[in-house]
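# Reading the structure
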There are 2 protein chains.
Amino acid sequence: MKYSAAGVDIAAATRAKELMTTAVRSTHGPAVLAGMGAFGGCFDAALALAGMQAPVLVSSTDGVGTKTLVAAALERYDTVGQDLVNHAVNDILVQGARPLFFLDYIAVAKLDPIQIAAIVSGVAAGCRAVSCALIGGETAEMPDIYAPGAFDLAGTIVGVVERADLLPRPDVTAGDAILALPSTGLHTNGYSLARRIVAQHFATEGYHARPSLLGGQTIGEALLAIHRCYLAEVNALRAVVPVKALCHITGGGIYDNLPRVLPKGMGAELVRGSWTIPPICQLLVEVGGLAESEAYHTLNMGLGMLVIVPTESVATAQKAVAEAQLVGRVTATPTVRLVDG
Amino acid sequence: MKYSAAGVDIAAATRAKELMTTAVRSTHGPAVLAGMGAFGGCFDAALALAGMQAPVLVSSTDGVGTKTLVAAALERYDTVGQDLVNHAVNDILVQGARPLFFLDYIAVAKLDPIQIAAIVSGVAAGCRAVSCALIGGETAEMPDIYAPGAFDLAGTIVGVVERADLLPRPDVTAGDAILALPSTGLHTNGYSLARRIVAQHFATEGYHARPSLLGGQTIGEALLAIHRCYLAEVNALRAVVPVKALCHITGGGIYDNLPRVLPKGMGAELVRGSWTIPPICQLLVEVGGLAESEAYHTLNMGLGMLVIVPTESVATAQKAVAEAQLVGRVTATPTVRLVDG
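For chain A, the name recorded in an unreviewed UniProt entry is Phosphoribosylformylglycinamidine cyclo-ligase, with Chloroflexus aggregans as its organism. Quoted verbatim from the Subcellular location (unreviewed entry) heading of the UniProt record, the comment on chain A is "Cytoplasm". The heading Pathway (unreviewed entry) in the UniProt record of chain A holds the text "Purine metabolism; IMP biosynthesis via de novo pathway; 5-amino-1-(5-phospho-D-ribosyl)imidazole from N(2)-formyl-N(1)-(5-phospho-D-ribosyl)glycinamide: step 2/2."

### Some points on the overall build of chain A
The secondary structure content of chain A amounts to 12 helices and 12 strands. The principal-axis extents of the C-alpha atoms in chain A amount to approximately 70 × 60 × 30 Å. Residue burial in chain A is summarised as follows: out of 341 residues, 61% are buried. Approximately 12,100 Å² of chain A is accessible, and the part contributed by carbon and sulfur atoms is 53%. Charged side chains of chain A number 23 positive and 29 negative; the gap between the two group centres comes to 3 Å.

### As for the interface of chain B and chain A
Listed per partner, the contact involves 78 residues of chain B and 77 residues of chain A. Both sides together, the interface formed by chain B and chain A hides about 6,000 Å², and carbon and sulfur atoms give 60% of it. A salt bridge links B:Arg163 to A:Asp44; the nearest nitrogen and oxygen atoms lie 2.9 Å apart. Take the side of chain B that touches chain A: its biggest share by element is 9 residues, from strand 3 (residues 55-63) of chain B. Direction of pairing for strand 2 (residues 41-44) of chain A relative to strand 3 of chain B: antiparallel, over a ladder of 4 bridges. Residue pairing for strand 3 of chain B: A:Gly41 is matched across the bridge by B:Ser59.

### A word on the nonpolar core
Counting residues in hydrophobic clusters, the biggest one holds 103 residues, and the most contacted among them are B:Phe102, B:Ile219, B:Leu223, B:Ile280 and B:Leu303. Considering each element in turn, this core owes the most residues, 7 residues, to helix 4 (residues 80-93) of chain B. Not counting the four nearest positions on each side in its chain, B:Ile280 is found in contact with B:Gly185, B:Leu186, B:Leu214, B:Ile219, B:Ala222 and B:Leu223. If you look at the next biggest cluster of nonpolar residues, it comprises 102 residues, including A:Met20, A:Val80, A:Phe202 and A:Ala268.

### Observations regarding the sheet that holds strand 1 (residues 32-34) of chain A
Consider a sheet: its strands pair through backbone hydrogen bonds, and that pairing is either parallel or antiparallel. Here we have 6 strands laid out as an open sheet, ordered 1(A)-2(A)-3(B)-6(B)-4(B)-5(B), and mixed in their pairing. Across the chains shown, the open sheet's two edge strands, defined by having one partner strand only, are strand 1 of chain A together with strand 5 (133-141) of chain B. Adjacent strand axes in the sheet meet at a mean angle of 20°, parallel and antiparallel pairs treated alike. Of the strands in this sheet, strand 3, strand 4 (98-108) and strand 6 (151-162) of chain B touch helix 4 of chain B, which is tilted by about 35° from strand 6 of chain B.

### Digging into the UniProt feature "domain: PurM-like C-terminal" (unreviewed entry) in chain A
Following the UniProt record, the feature "domain: PurM-like C-terminal" (unreviewed entry) maps to residues 174-339 of chain A here. Secondary structure within residues 174-339 of chain A divides into 36% helix and 20% strand; the distance between the first and last C-alpha atoms comes to 16 Å.

### Here's the deal with the state of the cysteines
All names here are of chain B. Within this structure, the stated rule accounts for 0 disulfides over all chains. In this structure Cys127 is not part of a disulfide, and its nearest cysteine sulfur, from Cys132, lies 4.3 Å away. With relative accessibility at 0%, the residue Cys127 sits in the buried group. You can see Cys281 has no disulfide; the closest cysteine sulfur is in Cys247, sitting 16 Å from it. Take Cys281: its relative accessible area is 0%, and that puts it in the buried class.

### Focus: the UniProt feature "domain: PurM-like N-terminal" (unreviewed entry) in chain A
Mapped onto the present numbering, the UniProt feature "domain: PurM-like N-terminal" (unreviewed entry) falls at residues 55-161 of chain A. Helix makes up 36% of residues 55-161 of chain A and strand 37%. Its end C-alpha atoms lie 6 Å apart.

### Overview of the packing of aromatic side chains
One pass over the structure, following the stated rule, counts 7 aromatic pairs over all chains. With centroids separated by 4.6 Å and ring planes inclined at 50°, the aromatic side chains of A:Tyr146 and B:Tyr146 adopt a geometry described as tilted. Separated into two different chains, A:Tyr146 in the loop between strand 5 (133-141) and strand 6 (151-162) and B:Tyr146 in the loop between strand 5 and strand 6 make up a pair that spans both. Assigned by exposure class, A:Tyr146 and B:Tyr146 land together as buried. In this structure, A:Arg260 packs its charged tip against the face of B:Phe39, placed 3.9 Å from the ring centre.

About the criteria used
- Residues numbered from 1 in each chain as written.
- Chains lettered and ligands numbered in written order.
- Predicted model: local features only at pLDDT ≥ 70, side-chain atom pairs only at ≥ 80, totals over all residues.
- Heavy atoms only, no water.
- UniProt positions renumbered as here; feature names shortened; annotations may be inferred.
- Helix = DSSP H or I, 4+ residues; strand = E, 2+ residues; numbered from the N terminus.
- Buried < 20%, exposed > 50% of the residue type's maximum accessible area, 1.4 Å probe, protein only.
- Areas by Shrake-Rupley, 256 points an atom, 1.4 Å probe, with all protein chains shown as cover.
- Lys, Arg positive; Asp, Glu negative; His and termini not counted.
- Charge placed at Lys NZ, Arg CZ, Asp CG, Glu CD.
- Contact = heavy atoms within 4.5 Å.
- Buried area = accessible area lost by both parts, 1.4 Å probe.
- Salt bridge = Lys/Arg side-chain N within 4 Å of Asp/Glu carboxyl O.
- Pairing = 2+ DSSP bridges.
- Core = buried A, V, L, I, M, F, W, Y, C linked by side-chain atoms within 4.5 Å.
- Axes fitted to C-alpha atoms, helices over the stretch in contact; angles between N-to-C directions.
- Disulfide = S-S within 2.5 Å.
- Phe/Tyr/Trp six-rings, centres within 6.5 Å; stacked < 30°, edge-to-face > 60°.
- Lys NZ or Arg CZ within 6 Å of the ring centre and 35° of its normal.

This is the structure in structure tokens:
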């Protein structure tokens, strides 16, 4: 009896590590004291937090859900890592934080070094783009837990913010404006629903179908569009206007996410037609026959990141970031509603 | 088409969150500024790192592997969370770090709120025991990725160490003594092999078999023994002797893990018979017919945590921690070998 007979291939794991080394190292700045090979990644807090008055570490763990199944079906492994990092960067951005370091977790039924290296390279690319160090990770080969060909991808980010700059600010008030930064598609939520709709309504061509609504793209391509990172746009906004709160629209849509950043008792009205719904969302709504409430409970519907600012700041904000659309306002009643303009 | 029809039950997720709230909150000290419900857990670094000269953050991500399948087979969901935390605490301890905060990731085919709450309560218990704050986590329901009934459990720890106290120290030299702190069993590695052996050799009774070697325990009970945390013992040792390096024996056993903490060109000799091999490891070796090299490449074989100290410190170390056994020494050749005493 050898360990390899039990479905665990240590040589493949070693090969995967070799393949990903360059990509991982490319994310390491001077604050990384120990990375690959160490039992724990070591990050120089004294250096990275130098000059801060009251640093608060902000951390989040999340995965990319069943978007991995779409990636596996299309054998496209280099983008989900960017989805993962961008999702995480946006999540801690909601608390006002900038990224410091990241750790990834990949689990597979059967370890394919090339595939793992492609996934980790995507993670590294996402990290590099926001100057975040990829200081650790784990690749687990777990026969009998994962469906054949399936993989899971999750990650943890650690960032930092000055305590005085923590978001949401307590002064969010009824009447404040809600700006939206557009999404690229589903980002990393709603994939179980999307896969079901594709399986039912595009049974023959599947992800290779090219509905006219998608303007030449296949459904698979549209579904794999990379989760957008809003760090640069939010930084540009914070430089010129008082951003009171941010809301990353993820699982549960506007209905579940907006209440997480609004003061108790407050809600929001978003005006239908004031933002662009991505074609892939339109397609899923139409073909899947989704009710509006279901669609907005499951998908971001084009609302990637919401930014709450005083009404008088809207013009300045839009001058700094042209694509920030005014989509609604904060209300004094604790419900999130879609209204006609 | 509703999202629940796609196999994702948002109400069950909400219920799971309610059930785990008390356990999660019980881990929160004054440094936790935002926990459950926030997009990112917020941890007051100014408070937690106060008084440190040159803090280094140490972070690690890992999972418990297919130990989850044994837990699922025995419907025992409250221990794997402790395995997860203890594994992580030991990993950053190897760099000299103490725990600050933790985030967990649970993925399932079908979300059962009671089961998830039991798992998270175990994570919280592990965190509480070492004063580590559980500040975030994600529970993902992912139909089609996981085998029915299977779940995956991973987590990320962030700890801190003074830069001057980082381990391993550079002064590890040939002749240094290697002490071992005993393991409780497999800890969290080798489960794919163990499950295969149980399936082949205990086909009828499976995990409920009670081989005489286990002294009344079932194989399942022995396999679920909680991964031991060595924080208290290592702190006791560091208080009285100069600990030069630590080595947590995880996947890959002594052969893959010792080289990670030894200076280039050095190796180790461990003297057969100088430590106790846990009955469950003995059983797997005997019944599975594992060669010695295979066993020590896959299992910890009783060597839970190795502690490298100067030879003249051995007596003092053993006075402080009686169960620290002298098992070998560092050598000037770059191989890890088992030798006869």
